[in-house]
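# Per-entry structural report
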Amino acid sequence: MKRSILIHPDPRLKKVCAPVPDLSDALRKLADDMLETMYDAPGIGLAAPQIGVLDRLIVMDCVKEDGVEAKPMVLFNPEIVASSDDLNVYEEGCLSIPEQYADVTRPSEVDVRWMDRDGNAQQQTFDGLWATCVQHEIDHLNGKLFIDYLGPMKRQMITRRMQKLKREQARA
Ligand code: NI
């Protein structure tokens, strides 16, 4: 089932999310709903707080090329255990901040540990777009948005645009 995505500014997007203690069918359903919502948007990553659920859960699929098989990933309690000194700049966007993009600098490689959809512990090194995406999504679980990396002027400008968008949506 597709869920609706919260638009910044929203207090739920500023919260530190709680670890998921044990997997349940309800949590697996939540993850499946998030993947459906992400693909529909379309986007390459989505964090639970973006649909108003304050659990440490992210989903992503950074495969964008036509003809390449999709790679949906579900990460419960993802944790960055190591980051490279090398940095990478990507122009980031966010489904909670539609049609706004800005360059963000982050470590180019990260080792991430998480619990998968079957409850198994996993650890993997991410690089390229996957590294940027997983860091962006984990930030969401700590109440942090990509615009928090920008200067105050740019951040306020984008926030004002989003406030205007929300007023328009409320009237529609
Ligand atoms: Ni985002």
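Since the model is a prediction, treat every value here as computed from it, not as a measurement. (Residues numbered from 1 in each chain as written. Predicted model: local features only at pLDDT ≥ 70, side-chain atom pairs only at ≥ 80, totals over all residues. Heavy atoms only, no water.)

### A word on the overall build of the chain
Broken down by element type, the chain carries three helices and seven strands. Shown N-terminal to C-terminal, the secondary structure of the chain runs as helices and strands in the order α-β-β-β-β-β-β-β-α-α. Taken against the 2.2 N^0.38 rule, which gives 16 Å for 172 residues, the C-alpha radius of gyration of the chain at 16 Å falls within 12% of a compact globule. Each principal axis of the C-alpha atoms in the chain carries an extent, and together these give about 45 × 40 × 35 Å. Accessible surface for the chain amounts to roughly 9100 Å². Of this, 49% is attributable to carbon and sulfur atoms. Across the chain, the 22 positively charged side chains and the 28 negatively charged ones have centroids separated by 11 Å. (Helix = DSSP H or I, 4+ residues; strand = E, 2+ residues; numbered from the N terminus. Rg over C-alpha atoms; globule rule 2.2 N^0.38 Å. Areas by Shrake-Rupley, 256 points an atom, 1.4 Å probe, with all protein chains shown as cover. Lys, Arg positive; Asp, Glu negative; His and termini not counted. Charge placed at Lys NZ, Arg CZ, Asp CG, Glu CD.)

### What about the coordination of the nickel ion?
Coordination of the nickel ion by the protein involves C94 (SG), H136 (NE2) and H140 (NE2), with metal-donor separations of 2.1 to 2.3 Å. Mapping the donors of the nickel ion onto the primary sequence gives the spacing C-x41-H-x3-H. With H136 and H140 both in helix α2 (residues 128-141) and four residues apart, the pair spans about one turn of that helix. For H136, a relative accessible area of 6% corresponds to the buried category. Given a relative accessible area of 2%, H140 falls into the buried group. (Donors = N, O, S within 2.8 Å, 3.2 Å for Na, K, Ca; no water. Buried < 20%, exposed > 50% of the residue type's maximum accessible area, 1.4 Å probe, protein only.)

### Things to note about the pairing of strand β6 (residues 109-115)
As judged from the five bridges shared by strand β3 (residues 73-83) and β6, these two strands associate in the antiparallel manner. Of the residues in β6, the one forming a bridge with F76 is M115. Alignment of β6 against strand β7 (residues 121-127), held across seven bridges, turns out to be antiparallel. In the sheet register, V112 faces β7, and the bridge partner there is Q124. (Pairing = 2+ DSSP bridges.)

### What about the pattern of salt bridges?
Charged atoms that come close allow side chains of opposite charge to pair. Considering all chains together, one arrives at ten salt bridges under this definition. Ionic pairing is found between D32 and R117, a salt bridge with its closest N-O pair at 2.7 Å. Placement of D32 in helix α1 (residues 25-40) and of R117 in the loop between β6 and β7 is noted, with a sequence separation of 85 residues between them. In this structure, the salt-bridge partner of R106 is D139, at a minimum N-O distance of 3.0 Å. (Salt bridge = Lys/Arg side-chain N within 4 Å of Asp/Glu carboxyl O.)

### Let's talk about unusual backbone geometry
Of note, the bond from H8 into P9 is cis; its omega dihedral lies within 30 degrees of zero at 0 degrees. The linkage connecting A41 with the following residue, P42, adopts the cis geometry, with an omega of -5 degrees. Relative to the helices and strands, P42 is located in the loop between α1 and β1 (45-47). In this structure, N77 takes a positive phi of about 50 degrees despite not being glycine. Secondary-structure assignment places N77 in strand β3. The phi dihedral of E99 falls on the positive side, at around 60 degrees, and the residue is not glycine. When you line up the elements, E99 lands in strand β5 (residues 97-107). Judged by relative accessible area, E99 falls into the exposed class, the value being 68%.

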